[in-house]
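# Observations on the model geometry
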Amino acid sequence: MNLNLLGWSNFFASSFAAYGQAGYAVGRVAIASRTLYTLYTESGELTAEISGNLRSRATATQDFPAVGDWVVIRSRALEKRATIHALLPRKSKFSRKTAGARTEEQVVATNIDTVFLVSGLDGDFNPRRIERYLLLTWESGANPVILLNKADLCPDIDGRVAEVAAVAPGVPIIPLSATHQQGLDALNSYLQPGQTVALLGSSGVGKSTITNQLKGETVQSVQAVRRGDDRGRHTTTHRELILLPNGSLIIDTPGMREIQIWSAGEGLEETFSDIAVLAERCRFRDCQHNHEPGCAVQQALERGSLDESRFLNYRKLQKELSYLTRRQDQRASLLEKERWKKIHKSLRNQDKSRRGE
């Protein structure tokens with residue numbers, strides 16, 4: 001396999017140089033499971049496991065390889081196996097909070113150039129959900145493109161496009177029908193050799209159908225959505241990096257029922273750039289956009305130039321991020337205390353050993 005067609009670039013080569021001089025090879029994670037990984041390498045497809053040293057250095061789930069990662073390996077090509085010794089730095093990382101009560105990061109995919117946010121133009125169409133996905137995408141470091149699938153089921157495509165454009169300023173929007181192979185040519189400019197695209201969206205929006213059409217064969221199973229609410233069943237059961245015939249790569253992901261945000265440095269401001277611009281015009285720099293005099297955001301709401309449901313979702317995400325930040329700080333503090341406990345225990349044991357106790 002040609003590394004350049006797998007997404008290799010100077011960004012990764014500079015980080016790998018010292019490993020290469022030490023005789024290591026490199027591979028890219030195509031499938032990640034609990035203990036085994038499928039890698040694409042110059043020697044072909046290999047099955048790999050992580051080294052004991054890497055496992056001991058990992059302090060959290062995000063320290064383990066994820067789909068899209070470039071990893072440093074010792075390969076046994078004749079056995080079609082390898083051992084992963086290190087991860088190369090990630091140029092982009094799509095993360096979310098793990099489902100449930102735990103405050104922990106789940107890395108969905110890495111080293112992505114473009115994210116195709118897929119939304120169905122059926123009964124499950126939801127602009128608020130698109131805003132959430134946009135926030136996650138901007139934070140990842142990849143560029144979003146919104147795919148409005150199932151255009152054949154929509155009587156007012158232009159109206160839906162306008163609706164999405166209002167919540168995604170400047171983001172490319174492409175209506176298509178994957179089932180009928182309509183509009184897929186518009187994706188070609190993003191699917192260039194060596195470029196990596198990730199498909200993200202809820203179950204039933206047509207991600208697997210899009211993948212199959214782009215691949216030219218059935219690589220992901222497809223199920224019909226439920227009658228009545230157009231909600232999908234999970235068809236893709238794992239994340240996988242798939243090589244397309246034209247030399248580009250695509251990562252299909254299982255549908256996300258819980259789109260829990262992990263962090264948002266500039267993601268919130270990018271997603272709600274219209275509100276950020278309005279906030280700069282407020283009379284007070286620390287305006288909370290409630291009832292303060294001279295609040296440009298409240299004035300826009302009164303004029304109807306800012307949609308109230310969009311503003312409410314903005315406030316909701318703000319509160320969610322504030323709560324998550326507090327939880328992350330608490331968790332970091334506990335982990336640091338635990339680390340020092342282990343250090344002190346080790347020092348005490350060494351001291352006892354020296355005294356012969």
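Coordinates for the structure precede this section.
Quick look at the structure, then. Going along each chain's sequence as written, the residues are numbered from 1 onward. Given that this is a predicted model, residues contribute local features only at a pLDDT of at least 70 and side-chain atom pairs are listed and counted only at 80 or more, while totals for whole chains, interfaces and linings are drawn from all residues. Neither water nor hydrogens contribute to the side-chain values; these are computed over all heavy atoms in the structure.

### Focus on the sheet that holds strand 3 (residues 44-50)
Stated formally: Only strands joined by at least two bridges in the DSSP assignment are considered to pair. Helical segments are the DSSP runs of H or I of at least four residues, strand segments are the runs of E of at least two, and each set is numbered from the N terminus. Axis definition: a line fitted to C-alpha atoms, over the contacting stretch in the case of helices. Angles run 0 to 180 degrees between N-to-C directions. By definition in these notes, contact holds between two residues if any of their heavy atoms fall within 4.5 Å.
Taken in spatial order, the five strands of this closed barrel run 1-2-3-5-4, and their pairing is mixed. Put simply, the sheet's adjacent strands are angled 50 degrees from each other on average, direction ignored. Here strand 1 (residues 25-32) pairs with strand 2 (residues 37-41) via five bridges, running antiparallel. The partner of isoleucine 31 across the bridge, within strand 2, is threonine 38. Sheet strands touched by helix 1 (residues 10-21): strand 1, strand 4 (70-76) and strand 5 (81-87). Its angle to strand 4, the strand with the most contacts, is close to 40 degrees.

### Observations regarding empty space enclosed by the protein
Vacant regions in the atomic arrangement are exposed by a probe of water-molecule size rolled over the atoms. In plain terms, the rule: With a 1 Å grid spanning the protein atoms alone, the term cavity applies to any set of points in which a 1.4 Å probe fits but cannot get out, the term pocket to an open set with protein on both sides within 12 Å along at least five of seven lines, and the term lining residue to any residue with an atom within 4 Å of a point. Grid points are joined across faces, edges and corners, and a volume is the space filled by probe spheres set on the points. Three residue categories are used. Nonpolar comprises Ala, Val, Leu, Ile, Met, Phe, Trp, Tyr, Cys and Pro, charged comprises Asp, Glu, Lys and Arg, and polar comprises the others, including Gly.
In this structure the tally under the stated criterion is two cavities of 30 Å³ or more. Lining the largest cavity are 14 residues, and of these Val118, Ser119, Arg129, Ile130 and Tyr133 lie nearest its centre. Secondary structure elements with two or more residues in the lining of the largest cavity: strand 8 (114-120) and helix 3 (127-140). Broken down by class, the residue content of the lining of the largest cavity amounts to seven nonpolar, five polar and two charged. Of the volumes computed, that of the second largest cavity is approximately 30 Å³. Lining of the second largest cavity is provided by Gly7, Phe12, Arg28, Trp70, Lys91, Asn111, Asp113, Gly194 and Thr196. Tallied by class, the residues present in the lining of the second largest cavity amount to two nonpolar, four polar and three charged.

So, to be careful, I would describe these as geometric facts and stop short of saying anything about function.
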